[in-house]
Amino acid sequence: MYEEAAYKALSRKGVTLKKLWQKYNAMGAADGLRPLSYRQYCRRYAAWCQSPKITFHIHRYPRINLELDFAGKTLLVHDRRDSCLTTKVTVFVAALSYSDYFYCEGMAECDIRNWIRVCNNALD
């Protein structure tokens, strides 16, 4: 079904459930079928993800779990004085998953020194 294809597609950068639904909607309209609404699409996908072979529950506790990752695509920062100068910035995100507090910081270089620095900044 479409749930498994959506699950695989969501692992790619820049793909969202909304974009997948729009593609699904366009294919249904082209075939002359009445596609699901966005809400129904999300509910069916969420129900499919609840099956035990796909996901598992992660127990989260206050002040214990901190999740670290990069926020997907890199950003381009343009210099106002010189429009030709651009810098690629990778966004680091640290989230306290129980309380939904988060910390973000941009890094111009992704090396071990910067990784340790942003992790220490997040902990501070």
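Use the structure listed above.
Throughout what follows, the structure given in this document is the object of discussion. (Residues numbered from 1 in each chain as written. Predicted model: local features only at pLDDT ≥ 70, side-chain atom pairs only at ≥ 80, totals over all residues. Heavy atoms only, no water.)

**Comments concerning the layout of surface pockets**
No. 1: Of the pockets and cavities examined, the largest pocket occupies roughly 230 Å³.
No. 2: Lining the largest pocket, in full, are Y2, A5, A6, A9, R12, V15, K19, L20, K23, Y24, M27 and Y41.
No. 3: Elements with a contribution of two residues or more to the lining of the largest pocket: helix 1 (2–9) and helix 2 (17–30).
No. 4: Sort the elements by how many residues they give to the lining of the largest pocket and helix 2 lands first, with five residues.
No. 5: Its residues placed into classes, the lining of the largest pocket shows nine nonpolar, no polar and three charged. (1 Å grid on protein atoms, 1.4 Å probe; cavity = no way out; pocket = protein on both sides within 12 Å on 5 of 7 lines; lining within 4 Å. Points joined across faces, edges and corners; volume = space filled by probe spheres on them. Helix = DSSP H or I, 4+ residues; strand = E, 2+ residues; numbered from the N terminus. Nonpolar A, V, L, I, M, F, W, Y, C, P; charged D, E, K, R; others polar.)

**Thoughts on helix 4 (residues 112–123)**
No. 1: With 12 residues, helix 4 should reach 16 Å at 1.5 Å per residue; the first-to-last C-alpha distance of 17 Å fits that figure.
No. 2: Those residues of helix 4 not exposed but buried are N114, V118 and C119. Along helix 4, the residues classed as buried sweep out an arc of 135° about the axis, all on the same side. Facing away from the buried side of helix 4 by more than 90 degrees, the exposed set consists of I112, R113 and L123. (Expected span 1.5 Å × (residues − 1). Buried < 20%, exposed > 50% of the residue type's maximum accessible area, 1.4 Å probe, protein only. Arc of directions from axis to C-beta.)

Geometric values such as these leave the question of function open.
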